[in-house]
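Examining the three-dimensional arrangement
Spelled out from the first residue to the last, the chains are:
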Amino acid sequence: MLTLDDVRAARERVEAVARWTPLEYSHTFSEMTGAEVYLKLENSQRTGSFKIRGATNRITTLSDEERDAGVVTASAGNHAQGVALAASRAGVNAKIVMPEYAPISKVKATERYGGDVVLYGNDYDEAQTKAHEIEADEGRTYVHAFDDEYVMAGQGTIGLEIAEDCPDLDTVVVPIGGGGLISGISTAIKEQFPDARVIGVQAEQASSAADSLNKGSIQTIDEVDTIADGIAVRRIGDKPFEVIRERVDEVVTVSDEEIAVALTYLLERSKTLVEGAGAVALAALVFQKFDYEEGEVVVPALCGGNIDMNTLTTVVMRGLVETGRYLKIRTELKDRPGSLEQLIEIIAAEKANIYAIRHDRTSRKIALNATEVEIDLEMRGPDHVDSLLGELRDAGYDVEVLD
């Protein structure tokens, strides 16, 4: 099984490539949760993700023959960029298979770092199948995103940094996709601080590790569907599973809505941009998915910041909806002069800001003398939403809140 010595050896290999990322105390999230919260800002790492650590450690251990043949891997995006950059710096050709629907920003970044990108399949697992075909056909070395002890050790260098920067550590919260990151971090933490806790977090719609631990054997999910695309993996790795069973205290899950809220909080209150997978650790803390004491020193690992701009727009909007900052409603009015004005007067009296108004007189759901109105509103929070909806309904409007 992976050891602390493996992780320390990895640090010597990767320190020339990977940055020692900041560990910053967060007044905002400390006040919000009651814990003493330090954010491990791995989103500021080279390539925008921790993946450069494991990729570098693996590629620096290739034999001369393996270097000449090149490497191949599969990735939803972050591992792709890490392998591309690590291989380019080492003078090794890298062919990288990414899902067809991988964020375009991650595809372009991988190409800029020197990787030869092949788009294939609907998700990571289908891309991985294609990558193994290339491995067999071309004699390349497959660089696994997580089920490889060199990769796991490289990711564990984050744990060494946390241990040195935060000697009073009580709990580390770590995202889980295939399990390489948490395997490395838990090894680095537990062998130095046996009493510290390591909490793993998965998206509800990609919960292979949580399901596997509950059932005592590795479980494969038929389909994954989450905004946290960086951890959207159907099956946890064999080697990480053994480490997680031994060294991780608890694995919890968070919903996409909770991820969106955490991402929005980070962007608005900490001026920190992360991707969905980078927000899951904080989401678990903010939404109290695990127990912790008042004043407990908690370090959520923000593992990546490579978010597609179109995805960011959607996620932030979802976050605003979930926190009562954005409201979309539908109601029906009499199709006569002054009806819309009366509705808007109530909205104005409640000091809600109107983004957009849409009329539809053609819907078959309404009477011929009526019009359907949808209104997008900027709100100040859940209490403000409740107050406005109450006023509208008291005035006789049948109001439907839209997702």
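Here we summarise the structure given alongside this text. (Residues numbered from 1 in each chain as written. Predicted model: local features only at pLDDT ≥ 70, side-chain atom pairs only at ≥ 80, totals over all residues. Heavy atoms only, no water.)

**Quick word on the packing of aromatic side chains**
Tallied over the entire structure, the rule returns three aromatic pairs. Here Phe-290 and Tyr-292 contribute two aromatic rings whose centre-to-centre distance is 5.7 Å and whose plane-to-plane angle is 55 degrees, an arrangement assigned as tilted. No difference in accessibility class separates Phe-290 from Tyr-292, as the two residues are buried. (Phe/Tyr/Trp six-rings, centres within 6.5 Å; stacked < 30°, edge-to-face > 60°. Buried < 20%, exposed > 50% of the residue type's maximum accessible area, 1.4 Å probe, protein only.)

**Quick look at the state of the cysteines**
Note on terminology: disulfide describes a covalent bond linking the sulfur atoms of two cysteines. Inspection of every chain in the model, using the stated rule, returns zero disulfides. Free of any disulfide, Cys-166 has its nearest cysteine sulfur in Cys-303, 18 Å distant. By relative accessible area, which is 5% here, Cys-166 ends up buried. (Disulfide = S-S within 2.5 Å.)

**What about the pairing of strand S2 (residues 36-41)?**
Both strand S1 (residues 23-25) and S2 contribute to a ladder of three bridges, which runs antiparallel. Note on S2: the bridge partner recorded for Glu-24 is Leu-39. Of the strand pairs in this sheet, S2 and strand S10 (residues 297-302) are connected by four bridges, and their pairing is parallel. Opposite Glu-36, over in S10, you have Val-297 as the bridge partner. (Pairing = 2+ DSSP bridges. Helix = DSSP H or I, 4+ residues; strand = E, 2+ residues; numbered from the N terminus.)

**Focus on the layout of surface pockets**
Gaps left between atoms show up when a probe the size of a water molecule is rolled over them. The computed volume of the largest pocket comes to approximately 400 Å³. Along the wall of the largest pocket there are 17 residues; nearest its centre are Asn-122, Asp-123, Thr-226, Asp-229 and Ala-232. Here the residues of the lining of the largest pocket sort into nine nonpolar, two polar and six charged. Roughly 210 Å³ of volume is contained in the second largest pocket. Taken together, Thr-314, Met-317, Arg-318, Val-321, Glu-322, Tyr-326, Lys-328, Val-401, Leu-402 and Asp-403 make up the full set of residues lining the second largest pocket. When residues of the lining of the second largest pocket are traced back to their parent elements, those giving at least two are helix H15 (309-322), strand S11 (326-334) and strand S14 (400-402). Here the lining of the second largest pocket gets five residues from one element, more than from any other, and that element is H15. (1 Å grid on protein atoms, 1.4 Å probe; cavity = no way out; pocket = protein on both sides within 12 Å on 5 of 7 lines; lining within 4 Å. Points joined across faces, edges and corners; volume = space filled by probe spheres on them. Nonpolar A, V, L, I, M, F, W, Y, C, P; charged D, E, K, R; others polar.)

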